[in-house]
Structures are given as structure tokens and as C-alpha cells.
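Observations on the model geometry
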Amino acid sequence: MGARALAKAIASALARQLGGVGAGGPAWTPALLFQSGEQGVWYDPSDFSTMFQDAAGTTPVTAVEQPVGLALDKRLGLVRGIERGWGQELALSDFIANAEYTLTDLGDRIRITRATTNATTGLVLDSKLAVVAGAFHEVKFSILAISAGASGFYAATNGGAAQAISNFYPGAPSSFTHIVKLDGSGNGKLRLSFGPARSASPSNALVGDYIELSKTISVRELPGNHAFQTTTAQKPVLSARKNLLTNTEEFSAWTQEAVTSVRISGAEWKISPTAATAIHGVKIVPAGARIGGTIFVAEVKADGYSKVSIGETNQTGTHASFDLSSGTKMVGSALSQIVPLPNGWYRIFVRPFGFDDHTGVGGWCIRPLDDAATASTNPNLYSYMGDPTKGIRVRYPQLVAVPTSQSVTTAPSPSYQRVNTATDYDTVGFPHYLKFDGVDDNLATGNINFTATDKMTVVAGATKLSDAAIGYVVDHNSPQANPNAFALTAPQTATTASMAFRTRGSGAPADAVYSSAAAPLTAVLTGIGGISSYVSKLRFNGVEVANSSSDQGVGNYSNAQLYIGKRPSGNHLNGNIYQLIVRGAATADLTDAEAFTAGKTGVTL
Amino acid sequence: MTIVAIVPVAHIKAANDALAESFGPNNFSVPAYGGTGVTHAALHAWDDPAFLAALQAIPNVVVDDGTRPEGQPPASTDPIIRTKELIEAQGAKWGAQAPMLPTSGNAIAGTLYAFDRNGTRELWYCIQTFSRSTYGAAPETYPALIRRIRVPGTVAAWVQPLDQYDAYKLVNPFTGKPDECTFGGFTWYVTQADGSGNNVWQPGVFGWTKR
């Protein structure tokens, strides 16, 4: 099937699946942007079924904070291609003869037994139908039995080096799925190797070791421009973490500074000073606090003491103090505030004056204050004789990153996220994202052929956590160095509050730079490129904020790898990607794509 | 807690080879620089006990798993801060985080600077403190004050090397491959060098082959 015919078949399948769009129809998805066979990608970190921890697609991502080595492109609906393997028809004659193994037909399975002492590679099968060079293929098979002491061996190659090797445990029959990216060479067949192994190698298997392989082995193309990363240190992780605190419902696990923390019920705690003349409070060092803007939010209520301070723990750090009897702010930055809630509770927002890395100043603290405390009291120096029968109630603490330019009063109250540890936290209802470390994390596709178009649309839900160094959200053919290329950057240049879309043909790059976007910042970014039409635009949360109409030269875009989270020579993104759509075409109406991405990113357009 | 690690340039290949089978190629991929070029390669990885154990078993690799002695401040959880601290603890500089070469005031000796040349980011190492207000031309104007540091693996326009330190390498110790450059409208790679593996000749004169 040719590429065009395949695209039509997939579009048709999608149309059948989706049943049309409109009133009463199913929800809009980015797959609809690709119904006419447009080249591109759509990655959706909220969909666990599209992510694997390894580039070989062996180990699915099942929870947050797991690495992502393979992200599947959803634009074609993940519709598998035709069967290129075996149904129930795998026969002994399908194996390439090898005297080092013996084969036995057991009805529903074939036993592969090690016969000699010098076997090395396992017994080999070639796919039944020709595979597609350069494409991803999904291989499914089942190991039904393994002899005692041995493990199972599997590898796949299209004539070059093995693409994936796994070892399976004795006595643990299972079904397995691997996703294999073929290179452009090979003999037109996907070559699969199976056999017994020991110590992670088939050459260590003993004579008589065997595996029993189901006769059902499936090999199907998995169309799409899937993104992968084979190197452990360079894999992003899946995350849904928003609250930078830990132990948010275990105040007794916070550092107790002359206080006692007692759970009242659920997430509600009472913090009481000890009977000592001391500085009283609970302290915590946030995990993942960043240089940039943050807000500390908690709900508090008087319970004997009616004054409370929340702030950074160093003597000169930001703090704000509140009177819970009157519901007023005693002292604090203009952006800090107190909002009444039912039953005597207040939600307190504390916005730092400065925007430092809080890990460097010992973290944050919540301090009950006695009645003598005033607006001029520095809570980090304020010592008083505590009454253990009195205290304050606290619940739902959180520290979240917000843009330095965003005022608390206009920011929506962030929904509370329970965080126990760095890997144990609430995920339902919180946007999922790929977290890139700004050091070496990235994903890349194989070559994506955009040579048939000089129009480009990129829609990304992304966070940049810092403006200190240049970061690339996405890059195709590195427009910094090469013609006929495009990229989305955050920031565009170091130490600037910038984001930009860059596009070029044979000429110089045309940069659409938005310069009022200080980190940390989460937004829907849309880049629009048109080489011959001299179009380079950047939209920010659905609004055009920058454009360049400079001459980009001529030609179409290139056939090159798409990098996600860096460009080929570096400039790693320090931030998150919630959603990414790249479409090799002009998109007349961006409303649906931007609204969809905003929903997945947790921003309001 | 996440992991940062660093290895001297002479041991990059051995360290990456040791990790390749189980953890993929080129885990140490972040170049760190001294006054004469790349001195180390670093990495940052999210929490992975198996990877940490493998790193700790490799000779010459310095690993920081984020644990700190009792009484010490906790390690930062910011990957950038952790990586920068480890690189600087080896006396090296991180090119990706290099500040821009100032256009006024002093350039400070021992600092690695970034310099933007028509949209291309270059690295320059300041040998001696000098005033950019006085010496404000392009940095190559002042070879006694500041020297260019080539970024391994990049293909940029050929520049006449000053000495063995910025000579093009037959085998670059960071990439394990010949250095490349562009010259006369072509991309070239080093195929011959002196006895130390250095090539200081212009492409087309000696030791270069067109790609």
C-alpha cells in the first residue's frame, strides 16, 4: 500500500471511528487535522496507552514519574497496518534452519530447544510479508513456557543490529509487545530471533533449555512519526505534579520547631506551640522549587491562637501575617491576601517579594503567633511562651509556580493537589506533561518529510521554568543553522522573557518573538509558518502576539528529524510539554486545536 | 532524588561504553569546559536506582545522588542547579549556562562566556580580565585576552586554530569522531593530523576530506 493510499485508508477509518464532528458528534481531536494525509505529529502525554518507558516499546508507562522512552504519534489514530506476521499458522518450516536448535510442534505452540553448546543467536524467523523500511512495527507474541532455570530470548532486526532484546523469567509465561523502529536498509523482512537464554544471553543457555512459543505472532506496522529516546539520562519523565510541597497531609512529618502537630481529621491538623519561650512553627523544604514566581496557599482557622504567619524561613525572607479573628492581613506583600471561607476558615495566599530558589533559604514555614504579635513582628525572630492548649488549624497547603507578572487577585485559586512523596500524589484532574530537565532530556523522531509543503502549524501546550538559557520546545532541521526549517523556542535568547517561532526557507530566519513572557509560564503556543508567503507568527493562548513578514527565501520545509525538548546541538528545554501538534499545512481555523490544547494544559484561553 | 554525574574527558568513551548495553548510548553528553576546551562530560537523570548503581560502579565517574551528610543543607531539587554545582566542583564551566559576553564593563578572567554571532551562539573563555567598554570589538580581535572554545559535535565555519588546544581533532575525545567544519561551501572532516592528533591546516591544504 502506498503512502497516499495508506493515508486515505487511515482517514477513512478515523472518520468511521469519529462518526463526524459537530453538534451531537464526538469531541474534537487533533487527529481531525490530519484527515487529508497531512504530514506531522500529535503527542498526548495524558494518554498512557501512547507511552513506553523504553524506546523499544516493551514496558508501558503506567504511572507518573516514570521515564518516557517512546511517545507514539496519535495523528493517524494509532491504527495498526496489515498483518505481516502469523495468525495460527506459524509452522516449523517458517524458521530458518539452524542445527543448534531443535524444533517441536506441540499443536498450539512450538518448542525451541537448545541442541548444542555453541549456539549464539537464537532461532530466527523472517516476517511473512515485507515490512516497511524506516517504519515502526508492533511485534506481539507469547511465551507459553520456559524450562527451569532458563529465561526467554527475543530480538528483532531488519538486517542490521538487533533493535531490542528482552529476557523473560522461567515459569512466567506471558504475552509481550515490542515496538521496533526499522532503519531504511535491510532485506524487506523483519527478522525475529527467539530461544532460551541464561544470564541475559542466548549463548549462556544450556543444552536442553527450551522455550515454547505461541503460534500466534503478530507483526503490524504502527504508522506515525513516533518520538523516542534510547538513552536513560536523556529521557523525560511523565509528571502531573503541580504542588511543590510534600507531606501535605502529614504536618507531623514537617520539621517541628517548638510545636506539636496533631491530626484532627483527614487533611486537617492542629499546630500548637510547646510550653516554651521559643520561635514556634512547622517548616518544609519544597521539592522542585524553581527560580521564578511562586504562591504559597493554605487554609487556616483560629483554634486558641488567632494570628498566623506564613513565609520563607530565613530572617529576611518573604512572609505575611494574618489576623484570623478579623480576617485581615497584618503585613505582607501587596499580592498576599486572605479570603474568607465557611466555618471560620480562611484561604491564605502568600506571594514572595523576591523570586528566589526557596531550597537555598531553608524552605517555608507556618507559624502560630500569640496575641502580642503585631504587623512589625518578624515571625522568624519572634519568640514567645507557648500555650500547648491553643493553636491554629491548617489544611491543604500548596506551593505552585506562577508567572512573576501574574497577580494573585487575577489568578484562579489553584485546585489543591495532595502530595505525599515525589512519586505519590493526586493525578486525577491534573494535567499530565512530559518533564524536561533542561540538561540533556529530549525526544526525537525519525525523519519527517515536509518537502511537499512550505506551510507549517505548530500548537504546543508548554511550560518554561526558567529564562536563564535558550530552550527549544520543538525543532525541525535546526533553522538556526540550516535552511528550510522551523522551531519553537522558550526562551528565544538567554536571560530574556521571550518565546518565539522561527521559520525559514532558503533565506534568513524570520523570527516572531514575544518578549513579555517571563518564566515560569505555562501557555498554549502556536507557531504559524509560510515560506513563500513570508509568514512567521506566534500566538500566545489563542492571541497573536508576534509576527515577522521578512523574506524567508524559497523552497519547502525539509526531510529531517523532529527534536522535542532541544535542537540537535543543544539548547535543552527547562520545562514541560503537555501536548504537541505539528501539522505540515496551513490551518485556517485554530480555534479547536488551541482550545483542545488549552484543556490538556490547564490554561484558560 | 535525581542523579547528576560527571566524568573527565579522557574517560568519556569508557564510561559511555560501560553504560551503553543497558542504558543506551552517550549518557554522558553535556560538555563542560576549562580554559582550553572540553574537560568533562556530565549528565542528569531522574530517579533510577539501577542507573545510579551502574554509574557508581564506573571508575573515574563522580556521582551525586542528592544525599547530604547529617547537618548539611539538603541538595537542591532543581536539575539545573545540581548539574551546575557538580560541574563547577570539578573546576569546569557549563557552556549551556554561560553568561553572555558583556558589551560594556569587565569581562572576568576564568569565565566562560556566550557570544551571539548572527544568531549562532559561540563560547569564549576569558584569559585575562579586560574592559569591554574599551575592547568592545568581536572577541577574536583580542586573542591575548579571550579565546574561542569549540563546542564538540557542532559543524561551524573553519577558523584558523591558534595552538594545539583549539586545533581540530582527528578523533575528538568528546564525540569519538573526527572534527568537522564548513569551508568553501562544503562540509569537511579531519582525516589526517600531526602526531598528537591535531589538525591546524586549512581545509583543502592538508588532512581534510569533503563529506
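Preceding block: the structure.
Below: a short report on this structure. (Residues numbered from 1 in each chain as written. Chains lettered and ligands numbered in written order. Predicted model: local features only at pLDDT ≥ 70, side-chain atom pairs only at ≥ 80, totals over all residues. Heavy atoms only, no water.)

**Observations concerning unusual backbone geometry**
All names here are of chain A. Geometrically, the link from alanine 490 to proline 491 is a cis peptide bond, its omega value of 0° lying close to zero. With respect to the secondary-structure elements, proline 491 resides in the loop between β35 (485-489) and β36 (499-504). The omega torsion of the bond from alanine 519 to proline 520 falls at -5°, within 30 degrees of zero and hence cis. Of note, the phi angle at glutamate 65 is positive, near 70°, even though the residue is not glycine. (Helix = DSSP H or I, 4+ residues; strand = E, 2+ residues; numbered from the N terminus.)

**Re the nonpolar core**
Residue and element names in this part refer to chain A. Ranked by size, the top nonpolar core spans 40 residues in total, and within it Val458, Phe486, Leu488, Ile564, Leu580 and Val582 carry the most contacts. When residues no more than four places from it in sequence are discounted, the contact partners of phenylalanine 486 are Phe450, Met456, Val458, Asp475, His476, Pro479, Phe501, Arg502, Thr503, Tyr557, Leu562 and Val582. Formed by 31 residues, the second largest nonpolar core is a distinct cluster that contains Trp269, Tyr305, Phe322 and Ile366. (Core = buried A, V, L, I, M, F, W, Y, C linked by side-chain atoms within 4.5 Å. Buried < 20%, exposed > 50% of the residue type's maximum accessible area, 1.4 Å probe, protein only. Contact = heavy atoms within 4.5 Å.)

**Comments concerning the pairing of strand β41 (residues 559-564) of chain A**
Consecutive side chains along a regular strand alternate between the two faces of the sheet. Relative to β41(A), strand β32 (residues 443-449) of chain A runs antiparallel, the two being bridged by five bridges. Bridge assignment links A:Ile448 to a residue of β41(A), and that residue is A:Ala560. (Pairing = 2+ DSSP bridges.)

**Topic: the sheet that holds strand β16 (residues 208-210) of chain B**
Residue and element names in this part refer to chain B. Taken in spatial order, the four strands make up an open sheet running β11-β13-β14-β16, and their pairing is mixed. Looking at strand neighbours, the two that pair on one side only are β11 (156-157) and β16, the edges of this open sheet. Sheet topology note: the β11/strand β13 (residues 180-183) ladder contains two bridges and is parallel. Counterpart to alanine 156 in the pairing with β13 is cysteine 181.

**Description of the pairing of β13(B)**
Sheet analysis places β13(B) next to strand β14 (residues 186-190) of chain B, joined by four bridges and oriented antiparallel. Considered in β14(B), the bridge of B:Phe183 is made with B:Phe186.

**Describing the sheet that holds strand β1 (residues 3-8) of chain B**
Residue and element names in this part refer to chain B. Taken together, five strands build an open sheet; the order of strands is β4-β1-β3-β2-β5 and the sheet is antiparallel. Where the open sheet ends on each side, the last strands, each with one partner, are β4 (62-64) and β5 (93-94). With six bridges joining them, β1 and strand β3 (residues 37-45) adopt antiparallel strand pairing. Looking at β3, one finds that alanine 5 is bridged to leucine 43. The strands touched by helix α2 (residues 49-56) are β1, β3 and β4; relative to β1, the strand with the most contacts, the crossing angle is about 25°. The sheet contacts of helix α3 (residues 79-89) involve β1, β2 (30-34), β3, β4 and β5, and relative to β1 the element is tilted by about 30°. (Axes fitted to C-alpha atoms, helices over the stretch in contact; angles between N-to-C directions.)

**Focus: helix α1 (residues 12-23) of chain B**
Residue and element names in this part refer to chain B. When α1 is considered as a whole, its buried residues turn out to be Ile12, Ala15, Asn16, Leu19 and Phe23. Viewed end-on, α1 has its buried residues packed into an arc of 90°, placing them on one side of the element. Opposite the buried face of α1, at more than 90 degrees from it, the exposed residues are Lys13, Ala14, Ala18 and Glu21. The secondary structure elements touched by the buried residues of α1 are β1, β3 and α2. After α1 finishes, the residue glycine 24 shows a positive phi value of roughly 85°. (Arc of directions from axis to C-beta.)

**Things to note about the environment of A:Ala99**
Residues and elements named next belong to chain A. For alanine 99, the position within the fold is in the loop between β4 (95-96) and β5 (101-105). Each C-alpha atom, one on alanine 99 and one on leucine 144, is 23 Å from the other, the two residues being 45 residues apart in sequence. Each residue touching alanine 99, except ones within four places of it in the same chain, is listed here: Ala115 and Thr116.

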